[in-house]
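Letter by letter, the chains look like this.
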Amino acid sequence: MELQNTVKEALSALYHHPDDAVRMQADRWLQDFQRTIDAWQVADNLLHDPSSNQETLIFCSQTLRSKVQRDFEELPSEAFRPLRDSLNTLLKSFHKGPPKVRTQISLAVAALAVHVAGEDWGDGGIINWIRDGMNSHPEFLPSFLELLRVLPEEVLNYKIAVRPDRRRQFENELASGMEMALNVLTACLNINELTEQVLEAFASWLRLRHRIPASTLASHPLVLTALSSLSADILSEASVNVISELIHYTAVRNLSEVASQMPLIQVIVPRVMGQKAQLLDPSKDEEDVKAIARLFADMGDAYVELIATGSDESMMIVHALLEVCSHPEFDIASMTFNFWHNLQIILTERDSYVAYGNEASIEAERSRRLQVFRSSYESLVSLVSVKVEYPHDYSDLSREDQKDFKQTRYAVADVLIDAALVLGGDATLRILYMKLVEAVSCFRNNEHTDCRPAEAALYGIRAISDYVSVVEGEVMPQVMSLLPKLPHQPQLLHTVCLTIGAYSKWLDAAPSGLSFLPALIDILVSGMSMSEDSAAAAALAFRHICDDCKKKLCGSLDGLFQIYQRAVIGESAFKVSAEDSLHLVEALSMVITELPSEHAKKALEALCLPDVTPLQDIINQGPLVLGQKPARELTVHIDRLANIFRHVNHPEAVADAVQRLWPIFKPIFDLRAWDMRSMESLCRACKNAVRTSKTLMGVTVGVMLEEIQGLYKQHHQPCFLYLSSEVIKMFGSDPSCTEYLKNLIESLFSHTTCVLTKIQDFTSRPDIVDDCFLLASRCIRYCPQLFFPSPVFPSLVDCSMIGITVQHREASKSILNFLSDVFDLANSSQGKGYLSIRDSVIIPRGAIITRLLVAALTGALPSSRLETVTYALLALVRAYGVQALEWAKESVSLIPSTAVTEVEKSRFLKALSDAASGAAINGVMIPIEELSEVCRRNRSVQEIVQGALRPFELNIVPVS
């Protein structure tokens, strides 16, 4: 009683206390209470107590449902019947509501049925038990119908802590009881006020997809009741759900399945097609129109294989779907988008036609189908292209609504691409160009122009750019001629700029392309001056133009430099952000790449100058100023240099540039090694230079590595590790670099392992962990001759064992991948010579590593890491065979049989054994995944398993 009163007081505080701190404290206490064994009895008592208020009833019903789902194993076996009887009483007590409470009790009974096998339930199993209850107590039908609705839904509810075997068994029990369940539901159709509930339950049973013959369903009273409601004045939501499920139930994925489903298809399709007129009926309620549109969309998705044959009957569905697509509400029109995409795939991909035999037959059938659907896709282009038009009040919309509108435009762009794949890009372009001409002619002579229709048409033209032929010579020259004549309204200019960039390959290939470039580049310059949005679009377009038309633009480098310098120096008229200026850097870098070497060096110097000068000025002001400058004042320039080194593909010129710039880089390294942002930016610049210049960087690389090796000891910046990783990749196999690379990796790894000595260190510095083990994997691949004989190898393995259970995703992945690379060493031609060294390190630690991996698999790491952990464990088993299987056997034998049965353990070990014998990973995954699921099925079991494997104690035990 005392605990019951405390629960009531805590709920009162949670819902009614004015103090946030008190409410949070009450919430925490109630959550902790729900995990206790006492919660069973307290929740049950309060639910049976007539004085409990609605807040108490809702909380206690949720608690009881949660306890049955997750913690049923806490109860002794003899507690099942009293619990079932109590839930049955509650189900009857709340037959009139509150609905939330009734639903929670129904879910609790359903979860109990998942736990308890049919033969142990008694009364012939759960469905028979429900039927008997309905016959004995017809006054409680609403509660039993709710239970019948939720029962099949629980098959896929993984919150219910049952073993996979029992889940499959439960599904089979429901499948064998399906006929009885439908008979019970049919009997309830006689009570008009229950029809909606009956049909919702029927829809739920259909989702199980257990095959009742289509011929049986075609004349089933439940099906006929749902279909007949389509003619009613008020559309029943439950009927729509049933018909939707029936449509998916009869879905055909290949034409050989059609005959078996046809009896039901022939009943459904005419009834749904009969609702076509209502789609555009203005007197119809929008929700009803949405429901009817959903049924047409469902038919399109389910019968797309049939529709793709292009028969007269299927074209009736296509025309109805075009009517759905024409609806002014985007939420309704977009229901069909998935259909148009799937139909496009079937029409265009060769695999759809293999049954037609030889190439001539395949091509003939493909051409026939494309011709049949041509007019439909042409209509589709016209219908959807207007849906991207900006609303009049766009600027007044909330940020969230503006974001939603952008998603709308992306969705329409995808549909236009589908159309272009069916019609061809050039044909789709012609339709959209006519829309553009029409829009432009409307505002040419009008001072108060509405640019929105022109912008919408141009957005469509931009969307299909990848599918328009680069030799298209009819429409594209007219589009390019029209662009300079369009008004510079912000949204229109933004789209004009993006369109110019999208057609950069056409501009390069077209005979007249060069003649358009000056006017188009002028538009981009205007875009850079209009607004931040248009400047971003213009900078991106400038990059595409310079990338694809670089040969044409080599002679115009001075003009391009002027644009670049004005934007980078930050002229007041230009609105290019520092981030978008990187596009301009890349643009000029790509043009410079096309220059001969002697000209490229000078051009590269000029390109670097706007960023080198301000950096040199800061350094000239002395160490104090350099050390105190905000990072952004340095990184804005270093990031541009990094992009130059990445995109100017003249290795010698870049190597010379870095050597000249080293006197600027070195003081930044020396005086700002504490500053992560500056170091990351500088290391990225050096990494890009190494990638571009490769071995030509030799002299500077030595100085650079010496610098970061010294600084890492003091500052432990992770970017020093990833820069070293790039150097290892480039120089790892170079004999002349052996000595300094050996010193580098030994220095970096020895300092890192000193920093990472306990799991808390891994948690607090996941960036170092990630880069350290990525570097280690690089060493295995590119310089095993330096890595494995080194004393840092065993230290790194020990370090990985400490951190294997780190929760950070990237850090965890890098550790597990490092271990996998070590175990897979025999697969590497370079690494085979070091197997004996590897084995001398791994075998003494093998039992503990295996136990740690099994612990990670069974709950020490989130289930999202399952694939990476499994790969590491299987790599270990493949490398060490019988020995590793013994380690695995020792590990799983520690798990108590209350948590994992001997059968489940033996299945898991058999899967590992099969993997050791060479079985493919996919073939052994199910028993491994099921062991993981069984061990995570609830908190108590997970604690038992982890308590037995003790990964957090194991990983700090040193190996002698």
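Quick notes on the rules
- Residues numbered from 1 in each chain as written.
- Predicted model: local features only at pLDDT ≥ 70, side-chain atom pairs only at ≥ 80, totals over all residues.
- Heavy atoms only, no water.
- Helix = DSSP H or I, 4+ residues; strand = E, 2+ residues; numbered from the N terminus.
- Buried < 20%, exposed > 50% of the residue type's maximum accessible area, 1.4 Å probe, protein only.
- Contact = heavy atoms within 4.5 Å.
- Areas by Shrake-Rupley, 256 points an atom, 1.4 Å probe, with all protein chains shown as cover.
- Lys, Arg positive; Asp, Glu negative; His and termini not counted.
- Charge placed at Lys NZ, Arg CZ, Asp CG, Glu CD.
- Phe/Tyr/Trp six-rings, centres within 6.5 Å; stacked < 30°, edge-to-face > 60°.
- Expected span 1.5 Å × (residues − 1).
- pLDDT = per-residue confidence, 0-100.
- Polar contact = N/O pair within 3.5 Å; in protein donor to acceptor, adjacent residues only side chain to side chain.
- Salt bridge = Lys/Arg side-chain N within 4 Å of Asp/Glu carboxyl O.

Attention now goes to the overall build of the protein. Within the protein, the regular secondary structure consists of 52 helices and zero strands. Across its three principal axes, the protein shows a C-alpha extent of roughly 95 × 85 × 70 Å. For the protein, the proportion of its 960 residues judged to be buried stands at 54%. Taking contacts inside the protein between residues at least 6 apart in sequence as the whole, the part at least 24 apart equals 74%. If you sum the accessible surface of the protein, you get close to 40,900 Å²; carbon and sulfur atoms cover 52% of it. Mean positive and mean negative side-chain charge positions of the protein (89 and 118 charges, respectively) differ by 4 Å.

What follows is about the environment of Pro896. Mapped onto the fold, Pro896 is located in the loop between helix H48 (866-893) and helix H49 (902-916). Given a relative accessible area of 29%, Pro896 falls into the partly exposed group. Sequence separation of Pro896 and Val945 is 49 residues, and the distance between their C-alpha atoms is 7.4 Å. For Pro896, the contacting residues outside a window of four places in its chain are Lys905, Ile944 and Ala948.

Turning to the packing of aromatic side chains, a few remarks are in order. For the coordinates displayed, the defined rule picks out 23 aromatic pairs. Aromatic pair Trp506 and Phe516: ring centres 6.2 Å apart, planes at 35°, arrangement tilted. In this pair, Trp506 is assigned in helix H28 (residues 504-509) and Phe516 in helix H29 (residues 513-530), connecting sequence segments 10 residues apart. The class of Trp506 is buried, set by a relative accessible area of 4%. Measuring from centroid to centroid gives 5.3 Å for Phe773 and Phe818, while their planes differ by 55°, and the two rings are tilted. Pair noted here: Phe773 is in helix H43 (residues 766-782) and Phe818 is in helix H46 (residues 809-823), with a separation of 45 residues, a long-range link.

Once that is clear, we can look at H43. Compared with the 24 Å implied by 1.5 Å per residue over 17 residues, the 24 Å span of H43 between its first and last C-alpha is a close match. With respect to burial, H43 is a largely interior element, 13 of its 17 residues being buried.

For the rest of this paragraph, the subject is the confidence of the model for the protein. Summary statistics for the protein give a mean pLDDT of 92 and a share of 98% for residues scoring 70 or more. Across the protein, H46 holds the top mean pLDDT of 97, while helix H52 (residues 951-954) sits lowest at 71. Low pLDDT, under 50, characterises residues 956-960; the stretch is placed with four contacts to residues that sit more than four places away or in other chains.

Attention now goes to helix H17 (residues 286-302). Along its 17 residues, H17 runs 24 Å from first to last C-alpha, staying within 8% of the 24 Å computed at 1.5 Å per residue. Of all 17 residues in H17, 13 are buried, a share of seventy percent or more. Two or three places before Glu287, at the opening of H17, Asp285 has a side-chain oxygen 3.0 Å from that residue's backbone nitrogen.

The next point concerns the pattern of salt bridges. Using the criterion set out here, one finds 52 salt bridges in the structure. Across the pair Glu73 and Arg937 runs a salt bridge, and its minimum N-O distance is 2.6 Å. Here Arg937 lies in the loop between helix H50 (921-935) and helix H51 (939-949) and Glu73 lies in the loop between helix H4 (54-71) and helix H5 (80-93), a separation of 864 residues in the sequence. Using a relative accessible area of 39% as the deciding quantity, one classes Glu73 as partly exposed. Within this structure, Arg102, Glu146, Arg149, Glu153, Arg207 and Glu245 form a network of salt bridges that share partners.

In this section: unusual backbone geometry. Phi angles above zero are rare outside glycine, and Asp123 is one such case at about 60°. For Asp123, the position within the fold is in the loop between helix H7 (118-121) and helix H8 (126-136). Although it is not a glycine, Lys694 adopts a positive phi angle of roughly 50°. Here Lys694 is to be found in the loop between helix H38 (676-693) and helix H39 (698-715). Judged by relative accessible area, Lys694 falls into the partly exposed class, the value being 42%.

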